[in-house]
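Residue-level structure breakdown
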Amino acid sequence: MTDTGDNSLTVRDNRTGKEYQIPITDGAIKAAELGQIKVADDAPGLSTYDPGFTNTASCRSSVTYIDGEKGILEYRGYPIEQLAEKSSFLEVAYLLIHGALPTKEQYDTWVHEITHHTFLHENVKTFMQGFRYDAHPMGMLMASVGALSTFYPESNNIADADNRHMQIVRMIAKMPTLGAWAFRHAQGKPYVYPDNELSYTENFLAMLFKMSEPKFDADPRLVKALDVLFILHADHEQNCSTNAVRSVGSSQVDPYSSVAAGIGALYGPLHGGANEAVLRMLRRIGSKENIPSFIEGVKNGNEKLMGFGHRVYKNYDPRAKIIKKACDDVFEVTGVNPLLEIAQELEKIALEDEYFVKRKLYPNVDFYSGLIYEAFQFPPEMFTVLFAIGRTPGWLAQWLELVQDKDQKIARPKQIYTGDRTLDFVPASERWAGSAGITPGIS
Ligand SMILES: CC(C)(COP(=O)(O)OP(=O)(O)OC[C@H]1O[C@@H](n2cnc3c(N)ncnc32)[C@H](O)[C@@H]1OP(=O)(O)O)[C@@H](O)C(=O)NCCC(=O)NCCS
């Protein structure tokens, strides 16, 4: 037994009566330390069982800080509220990637770089045109981001810092172009090329909605609101898609393949799809009079109040507060979405109801975001694409941290094996003897 002082955990294995002292660092013990706890020298060491990694830290990170109890979210130490109000998406992207705010010169160079990498190779366009007319834009985005690795084969040289920077710039720059083209594809409209005269978010809106006019003119209030939505989605520490990016990236594959994996994770309804479910729920409720009976149904366990509750936040999700405010600016331009009234009343009633108060259920980022996206006239399939564009700098900041972290290894969790052992294999010709017309194939 080694003495590690007060900052340690004493574990007594009741199977053997032995005691172990395990050091505690940053409020955690190293899972590998448990490996020394064995019933016999040749027996496997103790491990932890943690499906969904609900209590396992997979990395040390300085990108994003969340205090779910207090409702705090910070990127590189800066509160999300200040960034949403006073910064821009590209400045936040710089902050996430580089770890500090840019000087004027650094910012100008960064914006110039991103702006001049928005174009895609023409073959990417042909590739995207090959999708079925009704292809889901997230599937198109995932496939085309993965395909970019074949256009930039040098991207697999992840040990080279300049090369990494180049791919990061390319990905942040090209994501809106890919997202907009996936959107136009479903509508049968021609793809619109980027306009380097426009800001990042203006250009995205132009590629989405421009028709025959020579210059697309977006309302600045809509541009600001979408920019804020991108900022709010830019990172959220070790969520499902970021974990996918890190897990795939740990094999040292190129960043396009890693981010494509993240997009795949985000595509799932438990991660990126709740805002669409909120809209469906609000439509079904239909009017304020129906709210009490709907709430009763939720309390009886018939269904969930979508857009409420969060694995981490046990307080008002700080992003939901900012989005609620952004709703006013957007609806000033587009006219009020009648579902807003139902959402606000639902929130008011739920926040005063003991069921929700006791369980610390507050609105999350998805409660109001679908309403805004709908006001922009995005179809629900596009909601997750918008999320992915916003999340790209976060995925890349986390990827960059991963590839430079000496502690990291290829991700390879343990399992607890529950299947059979040492069965004797009987060839198919014997197992199937007597079955009419079946000849065992050899493949
Ligand atoms: C986000 C979510 C999956 C978090 O789940 P979780 O951390 O595993 O929380 P739990 O499912 O353990 O919930 C704890 C309790 O609150 C209840 N609860 C959680 N979210 C609820 C909701 N939205 N409506 C009603 N009850 C809810 C659970 O039924 C459970 O009640 P119980 O203790 O009586 O069994 C969950 O809150 C949810 O499904 N919310 C709706 C979907 C959503 O908005 N997702 C977007 C997340 S950004």
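Residues numbered from 1 in each chain as written. Predicted model: local features only at pLDDT ≥ 70, side-chain atom pairs only at ≥ 80, totals over all residues.

1. With respect to the overall build of the protein
Selection rule: Numbering of helices and strands runs from the N terminus; a helix is a DSSP stretch of H or I covering at least four residues, while a strand is a stretch of E covering at least two. Burial is judged by counting the other C-beta atoms within 10 Å of a residue's own C-beta: 20 or more makes it buried, 12 or fewer makes it exposed, and any count in between marks it as partly exposed, with every C-beta position built from the backbone.
Along the backbone of the protein there are 18 helices and five strands. For the protein, the spread of C-alpha atoms along the three principal axes comes to 75 × 65 × 60 Å. Expressed as a percentage of its 443 residues, the buried residues of the protein come to 37%.

2. Comments concerning the sheet that holds strand S3 (residues 64-67)
Condition: Pairing between strands is defined by DSSP: at least two bridges between the two strands are required.
One open sheet accounts for three strands, arranged S3-S4-S5; its pairing is antiparallel. Each edge of the open sheet carries a strand with a single partner, namely S3 and strand S5 (78-79).

3. Observations concerning the site of the ligand
Applicable threshold: All residues are tested the same way: a C-beta atom is placed from the backbone, and lying within 6 Å of a molecule or strand makes the residue near it. Residue polarity is assigned by list, with Asp, Glu, Lys and Arg as charged and Ala, Val, Leu, Ile, Met, Phe, Trp, Tyr, Cys and Pro as nonpolar; anything else, Gly included, falls into the polar class.
Among the 15 residues in the neighbourhood of the ligand, the closest are listed as Ala274, Lys304, Leu305, Gly309 and Arg311. Here the shell around the ligand is composed, by residue class, of seven nonpolar, four polar and four charged.

4. Remarks on the environment of Asn243
As for its placement among the helices and strands, Asn243 is situated in helix H9 (residues 240-249). Classification of Asn243 by C-beta neighbours within 10 Å gives buried; the count is 20. Along the chain, Asn243 and Ser58 lie 185 residues apart, while their C-alpha atoms are 8.6 Å from each other.

5. Some details on the environment of Ser429
Position of Ser429 relative to the elements: it lies in helix H18 (residues 428-431). Taking the C-beta count within 10 Å as the criterion, Ser429 has 10 such neighbours and is therefore assigned exposed. C-alpha of Ser429 to C-alpha of Gly307: the two residues are 122 residues apart in sequence and 56 Å apart in space.

6. Focus: unusual backbone geometry
Not every positive phi belongs to a glycine, and Gln252 is a case in point at roughly 70°. In this fold, Gln252 is placed in the loop between H9 and helix H10 (255-267). Assessed through the 13 C-beta atoms surrounding it within 10 Å, Gln252 is described here as partly exposed. In the Ramachandran plot, Gln377 falls in the positive-phi region, its phi being about 70° despite a non-glycine side chain. As for its position among the elements, Gln377 is in the loop between helix H16 (366-375) and helix H17 (383-403).

7. Topic: the domain arrangement of the protein
Interfaces are often described in size by the accessible area the parts lose on coming together. Spelled out, the test is: The domain limits used here are those given by an automatic or database domain assignment.
As far as domains go, the protein holds domain 1 (8-48) and domain 2 (63-404). Computed from C-alpha coordinates alone, the two centres of domain 1 and domain 2 are separated by 42 Å.

8. Considering the nonpolar core
Where we set the bar: Here, a nonpolar core means buried Ala, Val, Leu, Ile, Met, Phe, Trp, Tyr and Cys residues linked by C-beta atoms lying within 7 Å of one another. The contact criterion used here is simple: two residues whose C-beta atoms, placed from the backbone, lie within 7 Å are in contact.
Ranked by internal contacts, the top residues of the largest apolar core, which has 107 residues, are Leu141 and Ile372. Per-element tally for this core: the top contributor is H17, with 12 residues. Leaving out residues up to four positions away in the same chain, Ile372 has contacts with Ala225, Leu229, Ile323, Ala326, Cys327 and Val330.

9. So, the UniProt feature "active site" (unreviewed entry) in the protein
What counts, and what does not: UniProt positions are given in the numbering used here, feature names are shortened, and annotations may be inferred rather than shown by experiment.
The positions UniProt marks with the feature "active site" (unreviewed entry) are His310 and Asp366. A compact arrangement is adopted by the annotated residues: their sequence extent is 57 residues, whereas the largest C-alpha distance between any two is 10.3 Å. Take His310: it is sitting in the loop between helix H12 (291-299) and helix H13 (318-334). If we skip the residues at most four places from it in the chain, His310 touches Asp317 and Asn364. Within the fold, Asp366 resides in helix H16. Taking the C-beta count within 10 Å as the criterion, Asp366 has 25 such neighbours and is therefore assigned buried. Aside from chain neighbours lying at most four places away, what touches Asp366 is Ala274, Asn275, Val278 and Gly307.

10. Structural notes on helix H8 (residues 220-233)
Applied cut-off: To estimate how far a helix should reach, multiply one less than its number of residues by 1.5 Å.
Here H8 contains 14 residues, and its C-alpha end-to-end distance of 20 Å stays within 8% of the 20 Å for a straight helix at 1.5 Å per residue. Of all 14 residues making up H8, 10 are buried, and the element is well covered by its neighbours. Every buried residue of H8 is accounted for by Leu222, Ala225, Leu226, Asp227, Val228, Leu229, Phe230, Ile231, Leu232 and His233. Contact partners of the buried residues in H8: helix H1 (80-86), helix H2 (89-98), helix H7 (200-209), H13, H16 and H17.

11. What about the pairing of strand S2 (residues 18-23)?
Across six bridges, the pairing between strand S1 (residues 8-13) and S2 is antiparallel. Its bridge partner lying in S2, Ser8 is registered against Pro23. In this antiparallel pair of consecutive strands, S1 and S2, the connection spans four residues, and Gly17 shows a positive phi of 80°.

12. Describing the packing of helix H11 (residues 274-285) against H16
Convention followed: The axes are straight lines fitted to the C-alpha atoms, using for helices just the contacting stretch, and the angles between their N-to-C directions are given from 0 to 180°. An angle counts as roughly parallel when it lies under 35 degrees, as roughly antiparallel when it exceeds 145, as roughly perpendicular when it falls between 65 and 115, and as oblique in every other case.
H16 packs onto H11 with a crossing angle of 80° between their chain directions and a minimal axis gap of 8 Å. In terms of their interaxial angle, H11 and H16 are classed as roughly perpendicular. Residues Ala274, Asn275, Glu276, Val278 and Leu279 of H11 touch H16, and the partners they reach there are Asp366, Phe367, Ser369, Gly370, Tyr373 and Glu374. For the contact of H11 with H16, the residue count by class is five nonpolar, three polar and three charged.

13. A closer look at the packing of helix H5 (residues 137-151) against H17
Working note: a packed helix pair is described by the angle between its axes plus the distance between those axes. Running from N to C, H5 and H17 cross one another at 35°; their axes reach a closest spacing of 8 Å. Together, Pro137, Met138 and Leu141 of H5 and Thr384, Val385 and Ala388 of H17 make up the contact between the two elements. Considered class by class, the residues forming the contact of H5 with H17 number five nonpolar, one polar and no charged.

14. Overview of H5
The α-helix advances 3.6 residues per turn, and as a result positions three or four apart in sequence lie on the same side. Between its first and last C-alpha atoms H5 spans 21 Å; for 15 residues at 1.5 Å apiece the expected length is 21 Å, and the two agree. Residues of H5 that are buried include every one of Pro137, Met138, Met140, Leu141, Met142, Ser144, Val145 and Leu148, and no others. Residues of H5 that are buried in the fold lie against helix H4 (122-129), helix H6 (161-187), H10 and H17.

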